[in-house]
Amino acid sequence: MRIKVIGGGLSGCEAALQLADAGHEVDLHEMRPRVQTPAHKTGDLAELVCSNSFKGLARTGAHGLLKEELGRLGSKLLPLAYAARVPAGESLAIDREAFSAKVREAVESRSAIRLVREEVRALDPDAWTILATGPLTSESLAQDLFSRVSESGGKRLFFFDSIAPVVTAESLDHEILYARNRWDKGDAPDFLNVPLNEEEYHAFVDALVAADTVEAKPFEKGQLFEGCLPIEEMARRGRETLRFGPMRPIGLPDPRTGADPFAVIQLRAENAQKTLYNLVGFQTRLKWGTQKEILTRIPGLRAAEFARFGAMHRNTFLDAPKVLEHTLRLKGTKIFCAGQITGAEGYTEALSTGLYAASMLHAALRDETAARNFRWPEGTCIRALTEHLTYPNADFQPMNFNFGLLPVRDGWRKSQRKEMQIKTCVEAWEGFDPMG
Ligand SMILES: Cc1cc2nc3c(=O)[nH]c(=O)nc-3n(C[C@H](O)[C@H](O)[C@H](O)COP(=O)(O)OP(=O)(O)OC[C@H]3O[C@@H](n4cnc5c(N)ncnc54)[C@H](O)[C@@H]3O)c2cc1C
């Protein structure tokens, strides 16, 4: 019996490798490059569609702790991300092509995995399946899926988010930019910074407020993902919003003046050769011509060549609390879900739910009845995340992992809460094997 993993993205590749190493035969279906999504650019496995960052590494931050948990529990893709790392201060940023190449090598090295390059247009109710087709699930499969879940009251949900532009390093004015990490963290500077004075900043905000965006249809309005707001939307929310968001200058003094500029645009290397840089936090849905026009008015970016413009996309996700069991299994089926289709937002979360769904499917194949009561240890990040996804919620929205999801025990003082949550996690990992 072969397990079907649909989607060769972050969560699908994690799940396929887990299942293969646990002794299962896997068909991994990936529709690209034959059928493309609106955001992917290649036919590569585990292609990152926007930022090249898996976020922070420090255990005291939610994504650092989640990464440590993934490492302890045997994630297959996380070590490949470390192996494709590019310098980015306290964050795990990667060379996306090198990472995808390592994922492909890992998949090809498992004889139990058969990579099938085709679009799956409908679910097979008789096949044990991991559905990991992500926020840009192809339309025919999405329609089949949502017609099935509508019987259990789950409707199709979606929101909009946007991706940031990437520019070539050689087109930047290095006389104006300066290299520095915020608070000088890390050994060597990984970020380039574009300083803006007060006048330049206000002119930029005015231009954003007046700019042409790619219009959402009327019924689609107001469904932006709050964790990934376009810069023009931030500018419209208040004149200072950007200066307290992606353009905050604090901790980034210009070495030529010794003072923090009024505002800063940060650029982070996209690849190990540092030939491409992305504008950090500058996701946008401005029309391409407008992006170019507004961004090239900024000193330092006047001759910028765009390797990729920012864009807006519709993200589909399930009404998880209604249609998924705590195991991320679609109620009444043999299908387990992973990645952003479950409402778990973010790259690290995609790896987490890929590992979790593989663990739950593996358990179900051993003993279906016992598996329904199988729970990961209380206090782990991934249990907390999946509980959030499946907890009754009439206004369910995608979410990143954060400390607010971890349980708080009676008697913990507020000042020690985070420390205790971390300790509980670390203890809960001891001796737990998700694929055991
Ligand atoms: C435009 C955009 C930007 C994002 N930016 C970020 C970011 O900067 N940082 C972050 O942490 N998260 C970001 N996300 C959110 C999300 O975490 C990522 O999309 C993440 O890659 C989700 O992992 P996944 O495995 O669920 O889906 P994906 O990585 O998208 O993988 C799904 C795979 O399924 C394939 N597929 C789809 N339909 C079919 C089908 N019918 N048959 C076969 N294959 C199919 C796709 O081609 C794709 O390879 C972004 C999402 C989008 C849409």
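About the thresholds
- Residues numbered from 1 in each chain as written.
- Predicted model: local features only at pLDDT ≥ 70, side-chain atom pairs only at ≥ 80, totals over all residues.
- Heavy atoms only, no water.
- Salt bridge = Lys/Arg side-chain N within 4 Å of Asp/Glu carboxyl O.
- Helix = DSSP H or I, 4+ residues; strand = E, 2+ residues; numbered from the N terminus.
- Buried < 20%, exposed > 50% of the residue type's maximum accessible area, 1.4 Å probe, protein only.
- Near = heavy atom within 4 Å.
- Polar contact = N/O pair within 3.5 Å; in protein donor to acceptor, adjacent residues only side chain to side chain.
- Areas by Shrake-Rupley, 256 points an atom, 1.4 Å probe, with all protein chains shown as cover.
- Nonpolar A, V, L, I, M, F, W, Y, C, P; charged D, E, K, R; others polar.
- Phe/Tyr/Trp six-rings, centres within 6.5 Å; stacked < 30°, edge-to-face > 60°.
- Lys NZ or Arg CZ within 6 Å of the ring centre and 35° of its normal.
- Domains from an automatic or database assignment.
- Contact = heavy atoms within 4.5 Å.
- Buried area = accessible area lost by both parts, 1.4 Å probe.

Caption draft 1: The arrangement of the pattern of salt bridges in detail. Within this structure, the stated rule accounts for 27 salt bridges. Its salt-bridge partner being D27, residue R2 comes within 2.7 Å of it at the nearest N-O pair. Taken together, the positions of R2 in strand β1 (residues 2–6) and D27 in strand β2 (residues 25–29) put the pair 25 residues apart, joining distant regions of the chain. For R2, a relative accessible area of 29% translates into the label partly exposed. On the basis of relative accessible area, D27 is assigned to the buried category, the value being 12%. Ionic pairing is found between R148 and D144, a salt bridge with its closest N-O pair at 3.0 Å. Of this pair, R148 and D144 are both found in helix α5 (residues 139–149), four residues apart, which corresponds to roughly one turn of the helix. The exposure class of D144 is buried, given its relative accessible area of 17%.

Caption draft 2: Inspection of the site of the ligand at higher detail. Neighbouring the ligand are 36 residues; S11, E30, R32, Q340 and Y347 lie closest to it. With respect to the ligand, the side chain of E30 contributes an N or O atom lying 2.6 Å from an oxygen atom. For the ligand, an oxygen atom lies 2.8 Å from a polar atom in the side chain of R32. Here the ligand has 980 Å² of accessible area as a free molecule, and 97% of this is covered by the chains. Counting only elements with at least two residues in the shell around the ligand, the list comes to α1 (10–21), β8 (157–163), β15 (311–317) and α10 (347–366). Considering only residue class, the shell around the ligand consists of 13 nonpolar, 17 polar and six charged.

Caption draft 3: Inspection of the packing of aromatic side chains at higher detail. This model, assessed by the stated rule, comprises 10 aromatic pairs. The ring of F262 carries the charged tip of R243 above its face, separated from the ring centre by 3.9 Å.

Caption draft 4: Spatial organisation of the domain arrangement of the chain. Each assigned domain of the chain is listed here: domain 1 (2–154 + 318–429) and domain 2 (163–314). Each of domain 1 and domain 2 has a C-alpha centre, and these two points are 30 Å apart. In this complex, domain 1 contributes 23 residues to the contact, which on the side of domain 2 involves 18 residues. Carbon and sulfur atoms supply 54% of the area buried between domain 1 and domain 2, which totals about 1,600 Å² over both sides. In this structure, the connection of domain 1 to domain 2 is made through one salt bridge.

Caption draft 5: Seen up close, helix α12 (residues 381–390). Of all 10 residues making up α12, nine are buried, and the element is well covered by its neighbours. Among all positions in α12, only C381, I382, R383, A384, L385, T386, H388, L389 and T390 are buried. In the core, the buried residues of α12 are packed alongside α2 (62–72), α9 (320–323), α10 and α13 (417–429).

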